[in-house]
Amino acid sequence: MGLFRKRRVQRVGPGRYAVHLQGWEQQLLTSLSADLRSVLEESTDDPSVRRLFPTAYHEDPERDREYQVLTRDELLQRRLAALDATAATAGARELDADGLAAWMGTVNQLRLVIGTNLDVSEEPVQIDPDSDEAPGYAVYDYLTGLLAEIVDALEGGLGDPDPEVPASP
Amino acid sequence: MTGVSPVEVERPVGGTEAEEDVPWVVLVWNDPINLMSYVAYVFQKLFGYSKEKAEQLMLQVHHEGRSAVAHGTRSECELHVFRLHEHGLWATMQHDR
């Protein structure tokens, strides 16, 4: 095959992104999205997902409590929307900007949850391939690579016209 | 870019009217998980910063532990914090001083 593996995600035009995922990758995205959805629906205060709902007023616990009450449900709905959109488009060969943004949101929140639960640090670590944590690290590393590609593709599209905005007359 | 209309944080929680005029600042804190390229991209996307400015802020987060990424009224900053949280960044807000 050579040195250059085909990119999984690539901008191919204004607002257009080609996607090349193998079947197992599509299944992984779909099942991880469903798993996280289940946990979020159960409770946003579950320790494994606390990282997805951070403090806003770090110097004022009372205000922060009020902020969380005001915004928690909206943030949850947005997170669920990204997971659902990704699961629905996991088999797509092409995505628009919104579609790829949903993937980015999904991959990012999955990394946050998995990474927090693995207690990852900024430094790379040697993982015993036979340890219980090894599969988690493998998934985490995979998502890291995928996210990097998504960011790279979307960066190229930062100047693209917003499809939601009608052209001015 | 998500296709979902922005949340309307019309009235910040608590506080007096005079307090709403006090400038607030949004901080983004370093964390061991978010990719540097991702953080810089989010700054460009959410604030319209140039690539250079976004990278400068991202590096400040990375090296100094945190960076002030936006200023504004309490309402404006709550919205910025909400969007940053939606993107998985660890953002908080405080009085600008």
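Residues numbered from 1 in each chain as written. Chains lettered and ligands numbered in written order. Predicted model: local features only at pLDDT ≥ 70, side-chain atom pairs only at ≥ 80, totals over all residues. Heavy atoms only, no water.

Asker: Tell me about the interface of chain B and chain A, residues and numbers included.
Answerer: Of the residues lining the interface, 44 residues belong to chain B; the matching set on chain A comes to 36 residues. Inspection of the chain B/chain A interface yields 15 residue pairs in polar contact (both at pLDDT 80 or more). Looking at the side of chain B that touches chain A, the elements with two or more residues in it are β1 (24-29), α2 (36-47), α3 (51-64), α4 (74-86) and β3 (90-95) of chain B. Its residues assigned to classes, the side of chain B that touches chain A shows 20 nonpolar, 16 polar and 8 charged. (Contact = heavy atoms within 4.5 Å. Polar contact = N/O pair within 3.5 Å; in protein donor to acceptor, adjacent residues only side chain to side chain. Helix = DSSP H or I, 4+ residues; strand = E, 2+ residues; numbered from the N terminus. Nonpolar A, V, L, I, M, F, W, Y, C, P; charged D, E, K, R; others polar.)

Asker: Let's hear about the packing of helix α2 (residues 61-89) of chain A against helix α3 (residues 97-118) of chain A: which residues, and what values?
Answerer: Residues and elements named next belong to chain A. Contact pair α2 / α3: the axes reach a minimum separation of 8 Å and the direction vectors enclose 110 degrees. On the basis of the axis angle, α2 is roughly perpendicular to α3. You can see that α2 and α3 cross each other, and the crossing is left-handed. Judged by residue contacts, Arg 79, Ala 82, Leu 83, Ala 85, Thr 86 and Thr 89 of α2 engage Ala 102, Trp 103, Thr 106 and Gln 109 from α3. Taken together, the residues of the contact of α2 with α3 break down into 5 nonpolar, 4 polar and 1 charged. (Axes fitted to C-alpha atoms, helices over the stretch in contact; angles between N-to-C directions. Parallel < 35°, antiparallel > 145°, perpendicular 65-115°, else oblique. Left-handed = near helix turned anticlockwise from the far one by under 90°.)

Asker: Describe in detail the side chain of Ser 33 of chain A, supporting the description with residues and values.
Answerer: Among the secondary structure elements, Ser 33 of chain A is positioned in helix α1 (residues 23-42). With near-sequence residues (within four places) excluded, Ser 33 of chain A lies in contact with Leu 83, Thr 86, Ala 87 and Thr 106 of chain A.

Asker: Account for the pairing of strand β2 (residues 16-19) of chain A, naming residues and giving values.
Answerer: Residue and element names in this part refer to chain A. Pairing geometry for strand β1 (residues 9-13) and β2, over 4 bridges, is antiparallel. Across the sheet, residue Val 9 finds its bridge partner in β2, namely Val 19. The turn joining β1 and β2, which pair antiparallel and follow one another in sequence, is formed by 2 residues; a positive phi near 70 degrees is taken by Gly 15. (Pairing = 2+ DSSP bridges.)

Asker: Requested: an account of the packing of aromatic side chains, with residues and values cited.
Answerer: Any pair of aromatic rings gets described here by the distance separating the centres and the angle formed by the planes. On inspection of all chains with the given rule, the structure shows 6 aromatic pairs over all chains. Their ring planes at 55 degrees and their centres at 5.3 Å tell us that Trp 24 of chain A and Tyr 142 of chain A sit as a pair that is tilted. Placement of the pair is Trp 24 of chain A in helix α1 and Tyr 142 of chain A in helix α4 (residues 134-156), with a sequence separation of 118 residues. Owing to a relative accessible area of 46%, Trp 24 of chain A belongs among the partly exposed residues under this scheme. Judged by centre distance (6.1 Å) and plane angle (35 degrees), the rings of Trp 29 of chain B and Trp 90 of chain B are tilted. You can see Trp 29 of chain B sitting in strand β1 and its partner Trp 90 of chain B sitting in strand β3, a full 61 residues away along the chain. (Phe/Tyr/Trp six-rings, centres within 6.5 Å; stacked < 30°, edge-to-face > 60°. Buried < 20%, exposed > 50% of the residue type's maximum accessible area, 1.4 Å probe, protein only.)

Asker: Go over α4 of chain B, please, and point to the residues and values.
Answerer: All names here are of chain B. Spanning 13 residues, α4 covers 18 Å between terminal C-alpha atoms, matching the ideal 18 Å at 1.5 Å per step. Counted residue by residue, α4 has 10 buried out of 13 residues, so it is predominantly covered. Here α4 has its buried residues at Arg 74, Cys 77, Glu 78, Leu 79, His 80, Val 81, Phe 82, Leu 84, His 85 and Glu 86. Looking at the residues trailing α4, positive phi occurs at Gly 88, about 85 degrees. (Expected span 1.5 Å × (residues − 1).)

Asker: Can you break down the pattern of salt bridges residue by residue, with the values?
Answerer: Residues and elements named next belong to chain A. In this structure the tally under the stated criterion is 15 salt bridges over all chains. Of the charged contacts in the structure, one is a salt bridge between Arg 65 and Glu 62, with a shortest N-O distance of 3.0 Å. One end of the pair, Arg 65, and the other, Glu 62, are both in helix α2, 3 residues apart, so they sit about a helical turn from each other. Using a relative accessible area of 41% as the deciding quantity, one classes Glu 62 as partly exposed. (Salt bridge = Lys/Arg side-chain N within 4 Å of Asp/Glu carboxyl O.)

Asker: Go over the nonpolar core, please, and point to the residues and values.
Answerer: In terms of nonpolar packing, the biggest core is built from 67 residues, with Leu 40, Leu 100 and Ile 150 of chain A together with Phe 43, Val 69 and Leu 84 of chain B touching the most fellow members. Excluding anything up to four places from it in sequence, Val 69 of chain B contacts Val 26, Val 28, Phe 43, Phe 47, Tyr 49, Leu 57 and Leu 84 of chain B. (Core = buried A, V, L, I, M, F, W, Y, C linked by side-chain atoms within 4.5 Å.)

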